[in-house]
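Residue-level structure breakdown
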Amino acid sequence: MRVRFAPSPSGQLHVGNARTALFNWLLARGRGGTFILRIEDTDAERSTRDSEAAIVRDLRWLGLDWDEGPDAGGSHGPYRQSERLHLYESYAQELLNADAAYYCFCSTAQLEVERQEALAAGRPARYAGTCRRLSRDQAQARIAAGERPAVRFRVPENRDVVFTDAVRGEVRFHTDVIGDPVIVRADGHPAYNFAVVVDDALMEVTHVIRGEDHISNTPRQILLYEALGFSLPAFAHLALVMGPDHSPLSKRHGATSVAEFRSKGYLPEALVNYLALIGWSPRGSTHGRSAGDDAELVPIDEMAKRFALEDVGHSAGVFDEEKLAWVNRHYLKIADPIRLAELSVPYFNEAGIRMAPDARGLEFLASAMTMASASVDRLNQVPARLALVFDYDAAATLGDPHVRDEMQNDGARAVVRALAEELASAPRLDRDRFRAVANQLKTRTGQKGKALFHPIRLALTGRAEGPELDLALPAIDRGAELPADAGMPKILGNRERAAAFVAALDRVVD
RNA sequence: GGCGGUAUCGUCUAGGGGUCAGGACACGUGGUUCUCAGCCACGGGACCGGGGUUCGAAUCCCCGUACCGCUACCA
């Protein structure tokens, strides 16, 4: 089995295309097949080397590795269409010689007029066939006179083209509704429908798995396979990915590219898992009926084992970022904290919490990470969740009317003052020591529950909400003990915070 | 316009001639006795419409409707 993903390098890798790549990859990896990356850059106008590099980077990031491709090499190269021009040329010539193709001198303007007329008259909008009957001599004469013709494929008349789509079953087209397609443009570049056929055939692709937008192109291509004497691959057409309004997912729906989702802080394994869920269910193949568990959260290698084209859904799916976020939360929870710490660093810097942690700094970040990774949707939310460790400003906290209000309460003030006293002589807090201190405060002040813990939270974290105190406070004190050269910002310890808070409180309440 | 494709909760889906039409995300309620997030429990919520076949249709067939794609010297 040989499958391929053939993007055109004219922009970012769209998640819909990433899903197509993924399904190809899953099939290849699940069946011991070969996965090929081919760059379809015959449109020189739009193709750029930067886009190609970006697509390659994004595929790698997703973990979709290929066995043959522009960088990987392989026995069926080259893998960039721009480097295969001589091949298209020779096959086009073969078709021309066999009279299966002909030169077309129609101008695009003329073509457009004909198209509009056909549409207006209610006829199928297809090439009228003006140059179909030009003799070889006539054509040669016009070329000699300096005209630059395109080459069109002669579609056989009055025939059915039938193929069995691996996801939809039998699909049938009548050739009379298919206009003769251009296979070589006037500038000498091959057109898509021609280049794919030549490439897929020469690369011995056995399963062409691509977007549904190509289903109507398939009969043209099949006819080309036949004319060229190539044997047919199996075809499978995947339904498209839509936006919430059920139109194809595009910019106006928000993020659409793999790169954007990466920079928002989604994990690659989450994106991949979620993408597979659109149009495919890991349970479908096993016909499980009970489920109820995490049946949809399946790592990519496991998906490869279960994946089958026959189980792919027929209808377009709406991209639901809420569900992506849910999948991402799952992978965030099971990810290695050190990895998450490393991945989070750029987001901290973006958020103004400047850091360049060394191993010790990273280890500290990782230890604090559990507070965030269990409760955040994406990596870019980590800094906000952990900001309480890095920023502390008692005066600013007391500037909040709600906080000041709460501190009007005698009980709350007693808790905070006692806290400062306890901490003044206490060692740095770990979980147990904090609990001991909390108990101490409880007996000293008589406060309990919310009346006890909330003032503590306010005084030590400067915030009314946040992670559990017995996680946050130890993290703060671990941070306070970090050596100055660990590449982390200076972190104020709980003792200092309590003292600062009481001092600020004294200034405010008098 | 022509041709092709598709149609189960708001969303992703399972199933498929007789089921209480199952699950997940989201949503609502309650719990987790510091808060937010999370987590847990419970709850509401669907077979596009019309014909036909059949004892019985959401399931099979036909028609319609809606949506998507192709109809390019884009891919």
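Computed from a predicted structure; not experimentally measured.

So, how was this worked out
- Residues numbered from 1 in each chain as written.
- Chains lettered and ligands numbered in written order.
- Predicted model: local features only at pLDDT ≥ 70, side-chain atom pairs only at ≥ 80, totals over all residues.
- Helix = DSSP H or I, 4+ residues; strand = E, 2+ residues; numbered from the N terminus.
- Rg over C-alpha atoms; globule rule 2.2 N^0.38 Å.
- Buried ≥ 20, exposed ≤ 12 C-beta atoms within 10 Å, placed from the backbone.
- Contact = placed C-beta atoms within 7 Å.
- Pairing = 2+ DSSP bridges.
- Axes fitted to C-alpha atoms, helices over the stretch in contact; angles between N-to-C directions.
- Parallel < 35°, antiparallel > 145°, perpendicular 65-115°, else oblique.
- Left-handed = near helix turned anticlockwise from the far one by under 90°.
- Nonpolar A, V, L, I, M, F, W, Y, C, P; charged D, E, K, R; others polar.
- Domains from an automatic or database assignment.
- pLDDT = per-residue confidence, 0-100.
- Core = buried A, V, L, I, M, F, W, Y, C linked by C-beta atoms within 7 Å.
- Near = placed C-beta within 6 Å.

1. Re the overall build of chain A
On a plain count of helices and strands, chain A comes out with 21 helices and 11 strands. A compact globule built from 510 residues should have a C-alpha radius of gyration of about 24 Å, whereas chain A, at 32 Å, is more than 25% larger. By its C-alpha atoms, chain A is 105 × 50 × 45 Å across when sized along the principal axes. Out of the 510 residues belonging to chain A, those deemed buried represent 37%. Considering only contacts within chain A whose residues lie at least 6 apart along the sequence, 77% involve residues at least 24 apart.

2. So, the sheet that holds strand β4 (residues 150-153)
Across a sheet, strands are paired by hydrogen bonds formed along the backbone, either parallel or antiparallel in direction. Spatial ordering of the open sheet is given by β3-β4-β7, a layout of three strands whose pairing is antiparallel. Edge strands, defined here as strands with exactly one partner in the open sheet, are β3 (101-104) and β7 (182-184). With strand direction ignored, the average angle separating the axes of adjacent strands in the sheet is 45 degrees.

3. With respect to the environment of Ala255
Structurally, the position occupied by Ala255 is in the loop between β10 (241-242) and α8 (258-263). Separated by 123 residues in the primary sequence, Ala255 and Arg132 have C-alpha atoms spaced 46 Å apart. Not counting the four nearest positions on each side in its chain, Ala255 is found in contact with Glu260, Phe261 and Lys264.

4. A few points about the pairing of β4
Residues Ala150 and Arg152 line one face of β4 and the alternating positions Val151 and Phe153 line the opposite face, and both faces are buried. Inspection of the sheet shows β3 paired to β4 by four bridges, in the antiparallel sense. Looking at β4, one finds that Ala101 is bridged to Phe153. Taken together, the two bridges between β4 and β7 define a ladder with antiparallel strand orientation. Across the sheet, the residue bridging to Val151 is Val184, located in β7.

5. Describing the packing of helix α13 (residues 359-373) against helix α20 (residues 469-480)
In the contact formed by α13 and α20, the axes pass within 10 Å of each other and the chain directions differ by 165 degrees. When the interaxial angle is binned, α13 and α20 end up roughly antiparallel. In the packing of α13 onto α20, the handedness of the crossing is left-handed. Of the residues in α20, those in contact with Phe364, Ser367, Ala368 and Met371 of α13 are Leu471, Ala472, Ala475, Arg478 and Gly479. Along the lines of polarity and charge, the residues of the contact of α13 with α20 split into six nonpolar, two polar and one charged.

6. Remarks on the domain arrangement of chain A
It is common to give the size of an interface as the accessible area that goes away when the parts come together. With domains assigned, chain A is organised as domain 1 (2-242) and domain 2 (339-508). Spacing between the C-alpha centres of domain 1 and domain 2 amounts to 60 Å.

7. Describing the confidence of the model for chain A
On average, residues of chain A carry a pLDDT of 91, and 97% of them reach 70 or more. The low-confidence segment residues 285-293 (pLDDT under 50) makes six contacts with residues lying over four places distant or belonging to another chain. The complex model carries a pTM of 0.93, and its ipTM stands at 0.94.

8. Points about the nonpolar core
Within the largest apolar cluster, 102 residues are counted, with the highest numbers of intra-cluster contacts made by Leu22, Leu271, Leu275, Val416 and Leu419. When residues of this core are assigned to their parent elements, the largest contribution, nine residues, is made by helix α1 (residues 15-30). Every residue in contact with Val416, bar those within four places of it in the chain, is listed here: Pro455, Ala459, Phe501, Val502 and Leu505. Counting residues in each nonpolar core, the second largest holds 24 residues, with Ala101, Ile178, Val184 and Leu223 among its members.

9. Remarks on the protein's contact with RNA strand B
Taken together, 75 residues form the shell around RNA strand B, and within it Glu40, Tyr192, Ser315, Ser375 and Glu465 come nearest. Of all elements in the fold, only α4 (108-120), β6 (169-174), β11 (317-318), α11 (321-334) and α19 (450-461) reach the threshold of two or more residues within the surface near RNA strand B. Its residues assigned to classes, the surface near RNA strand B shows 29 nonpolar, 24 polar and 22 charged.

10. A word on the environment of Ser281
Among the structural elements, Ser281 can be located in the loop between α9 (268-277) and α10 (300-306). Taking the C-alpha atoms as reference points, Ser281 and Ile476, 195 residues apart in sequence, are found 43 Å from one another.

11. As for the environment of Asp485
Mapping Asp485 onto the fold places it in the loop between α20 and α21 (494-508). Residues Asp485 and Gly361, 124 residues apart in the sequence, show an inter-C-alpha distance of 8.9 Å.

12. Focus on helix α7 (residues 218-228)
Buried residues of α7: Pro219, Arg220, Gln221, Leu223, Leu224 and Ala227, and no others. Those residues of α7 hidden inside the fold are in contact with α3 (85-97), β4, β5 (160-165), β6 and α6 (192-202). With its phi angle positive at about 75 degrees, Gly229 sits one or two positions after the end of α7.

13. A few points about the packing of α19 against α20
Closest axis-to-axis distance for the α19/α20 pair is 11 Å, and the angle between their directions is 30 degrees. Classified by the angle between their axes, α19 and α20 sit roughly parallel to one another. The hand of the α19/α20 crossing is left-handed. For the pair α19 and α20, the contacting residues are Phe453, Ile456, Arg457, Leu460 and Thr461 in the first and Leu469, Ala472, Leu473 and Ile476 in the second. The residue makeup of the contact of α19 with α20, split by class, is seven nonpolar, one polar and one charged.

14. A look at the pairing of β6
Where burial is concerned, little of β6 is hidden: zero out of the six residues are buried. The pairing of β5 with β6 spans six bridges and is classified as antiparallel. Each residue of the ladder has a partner; that of Asp165, found in β6, is Gly169. Where β5 folds back on β6, the antiparallel hairpin that results is connected by three residues.

15. A few points about unusual backbone geometry
Its identity is not glycine, yet Asn158 carries a phi of approximately 50 degrees, on the positive side. The topology assignment puts Asn158 in the loop between β4 and β5. One non-glycine residue, Glu204, lies in the positive phi region at around 55 degrees. Looking at the element boundaries, Glu204 is found in the loop between α6 and β8 (207-211).

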